[in-house]
Structure formats: structure tokens, C-alpha cells
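# Summary of structural features
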Amino acid sequence: MKVTAEQTSGAIEIRGNVAFEKKDLLEAAYVTFSASLDKLARERVARDLLTFYKDRGYVFADVRLTTVDQTAIYDVMEGPLVRIRSMAFEGNKAFPARTFLGFGTHLTQVMELHDKFLFFRGSEYSERKLRQDLVQLRKFYRERGYLDAVVEYSPPKFSESGSAVDLVILIDEGRLYRVASVDVKGVKSFPKSEVLSKVKLKPGDPYTWESVIADFRAIQRFYGEHGYPKHPSLKDSWRIVIPRDHDSRGRDRGPRRRRVRDPRELAEVRARYLDPG
């Protein structure tokens, strides 16, 4: 085995940036002008810079890396800043896309991105943020009993100048699942009616997995408060394996284990990793 030290760059130069100061770009990449970078680190900085631009609406941005005399040079082609001009919804029947002045239940209330409205400019377009909004919309439907809901989007349509984009959100709501009946079994020390009084789900209510877990916890607390400690078989946490994904900066992360104790947190994990789509 022969090991050789990899050559590192001793300085960083960023060229072509107009919308953002160099210090802001360096902070986004977690480096300084005098940082010593090996090949992998130089390539990571290029990816971080590109992610920084794309998350801020510069969809057509590009970053090219060259190394000259121990200096890592990043040439930035920013392109136009893209804002959302319109956002249409198709297939939503149970809930409106928007409401007057934002009052009441509507789909856009859970979305970070928004389109142009009156004197308000549309959001800076980011594909990553749009995908996060789709996850929130799926969660919105599942929390209201639409367990089979599918939310996707059509290919974005950009204006000729490339500075505006029109989006279409496609929704297949599926059926509304309702609770047919509620019962508890194995109750011996208390009247069944007393235990059932701790359950908030009622026949006819929209069925959600989160509601079932909440009622499960309520019954568990009831027994604990009356001298019945939790049985070891009753889970108070969940150990899950999260598949390969990307972090908030777009970097690849491999499969990893995670322990979840809060049912709401578990529901968020399910919505992001386990739901269809």
C-alpha cells in the first residue's frame, strides 16, 4: 500500500457573483478565503454555493470550479432571479386552495411558497422548497382523514425571460376514511365506559393515525395515574431507520437510525419518508 498526501489549495476566489457578497457565499459554504481545501472539500464548496443560489430563486445558476496555482477559483453564473407568478391547484375538492384574506382552512396555509397577489411579489422559486410544500400538503390531507391523498406538480413553465414561473399543483384526494366504531379490550380493573371516556376519537370522525396514537397515550396515562405502570410491551418510543436523503443544504445523507418519542414527530417522519410519492 502506498499513501501519498493529496495536494490542497491555499486560497479561495469567487468570481461573477453580483446578487450576494463574497462573505455571504463563504459563510454558506462554511469556509474562509484562506481555508486549505483538498479536492473533496473544493467540490463540496461548489455544491454548497450552487445550492445556496438555487434555494434563493436562481434556478439557472451554475458554479464551475478550477484550480490555478494552489487557488480554488469558483466562477458563478447567476442567471435571472425567478419568482412564482402563478400557482394553480387541480383536483382539490374538499378544501379550497385559498380563502379571502387567508381566513379559514385552505391549502396554501401550510405552504412556504406563494404566488403573486395584488401588490405582493411571488416567492423566490426553489424546487427544494416546493417539494417540502408538497410534503406539508400530503400531511395536511392525512391529518384530515384523506389517507390515500397524492400531491404532485406539473413541470414548471418559465417565462421567456426566465424571471417568472407558473406552477400547477396536482392533487388526487382519494377517499375520506372515517371511524366506524371505537372499543377497548382487556379492561378488567375499571369500567369500560371510564376508559373509553379518555378516547377522543368518535364514530364518524375522520380517521388519522395521529389521533389513534394520541388516544393510545391518553389510556396509557390513565392507567399510570391509577397505579398501573406501563407494561414493557407498550411502546413509549419508536426506533426507525431513515432512508438515504439530503439535508437542508442539499448534501447526500445515507441511511441512519433514529429514536422518536413524540407521536407528532413520528407523524412528520411518516409523512416525509413513508407516504406514497
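Everything in this summary refers to the structure shown in the same document. Everything numeric here is computed off the predicted structure, so don't read it as measured data.

### Concerning the sheet that holds strand S3 (residues 71-77)
- Strand order in the open sheet formed by three strands is S1-S3-S2, and the pairing between neighbours is mixed. On the outer flanks of this sheet lie strand S1 (11-15) and strand S2 (62-68), each paired with one strand and no other. The sheet shows a mean angle of 20 degrees between the axes of neighbouring strands, direction not considered.
- Strand direction decides the pairing type here: S1 and S3, joined by five bridges, are parallel. Bridging across to S3, Ala11 finds its partner in Thr71.

### Considering the packing of aromatic side chains
- For the structure on display, the rule yields 17 aromatic pairs.
- Site record: aromatic cluster; members linked through ring pairs are Phe20, Phe52, Tyr53 and Tyr58.
- When the ring centre of Phe140 is taken as reference, the NZ or CZ atom of Arg144 above it lies at 3.8 Å.
- Its end group placed over the ring of Tyr177, Arg175 keeps NZ or CZ at 4.6 Å from the ring centre.

### Some words on the pattern of salt bridges
- In the structure shown here, the tally under the stated rule is 14 salt bridges.
- For Arg64, the salt bridge is made with Asp62, and the minimal N-O distance between the two is 3.4 Å.
- Exposure remark for Asp62: the relative accessible area of 28% places this residue in the partly exposed category.
- Within this structure, Lys139, Glu143 and Arg144 form a network of salt bridges that share partners.

### Here we look at a nonpolar patch on the surface
- Residues Phe117, Leu118, Phe119 and Phe120 make up a contiguous nonpolar surface patch of about 580 Å² in total accessible area.
- Looking at where Leu118 falls in the secondary structure, it is placed in the loop between strand S4 (83-90) and helix H3 (127-142).
- Looking at Leu118, the relative accessible area reads 63%, which means it is exposed.

### A word on helix H1 (residues 22-29)
- For H1, the set of buried residues is Leu25, Leu26, Ala28 and Ala29. Buried residues of H1 fall within an arc of 155 degrees about the axis and therefore sit on the same side. Counted as exposed and oriented over 90 degrees from the buried face of H1: Lys23 and Glu27.
- Summarising the contacts, the buried residues of H1 are in contact with S1 and helix H2 (39-54).

### Structural notes on the layout of surface pockets
- The space that makes up the second largest pocket amounts to roughly 390 Å³.
- Around the second largest pocket, the lining comprises 15 residues; the ones closest to its centre are Arg98, Thr108, His114, Asp115 and Phe117.
- Classifying every residue of the lining of the second largest pocket gives seven nonpolar, six polar and two charged.

Here is what the cut-offs are and how they apply
- Residues numbered from 1 in each chain as written.
- Predicted model: local features only at pLDDT ≥ 70, side-chain atom pairs only at ≥ 80, totals over all residues.
- Heavy atoms only, no water.
- Pairing = 2+ DSSP bridges.
- Helix = DSSP H or I, 4+ residues; strand = E, 2+ residues; numbered from the N terminus.
- Axes fitted to C-alpha atoms, helices over the stretch in contact; angles between N-to-C directions.
- Phe/Tyr/Trp six-rings, centres within 6.5 Å; stacked < 30°, edge-to-face > 60°.
- Lys NZ or Arg CZ within 6 Å of the ring centre and 35° of its normal.
- Salt bridge = Lys/Arg side-chain N within 4 Å of Asp/Glu carboxyl O.
- Buried < 20%, exposed > 50% of the residue type's maximum accessible area, 1.4 Å probe, protein only.
- Patch = residues over 30% accessible without salt bridge, like charges linked within 9 Å, V, L, I, M, F, W, Y side chains within 5 Å.
- Areas by Shrake-Rupley, 256 points an atom, 1.4 Å probe, with all protein chains shown as cover.
- Arc of directions from axis to C-beta.
- Contact = heavy atoms within 4.5 Å.
- 1 Å grid on protein atoms, 1.4 Å probe; cavity = no way out; pocket = protein on both sides within 12 Å on 5 of 7 lines; lining within 4 Å.
- Points joined across faces, edges and corners; volume = space filled by probe spheres on them.
- Nonpolar A, V, L, I, M, F, W, Y, C, P; charged D, E, K, R; others polar.

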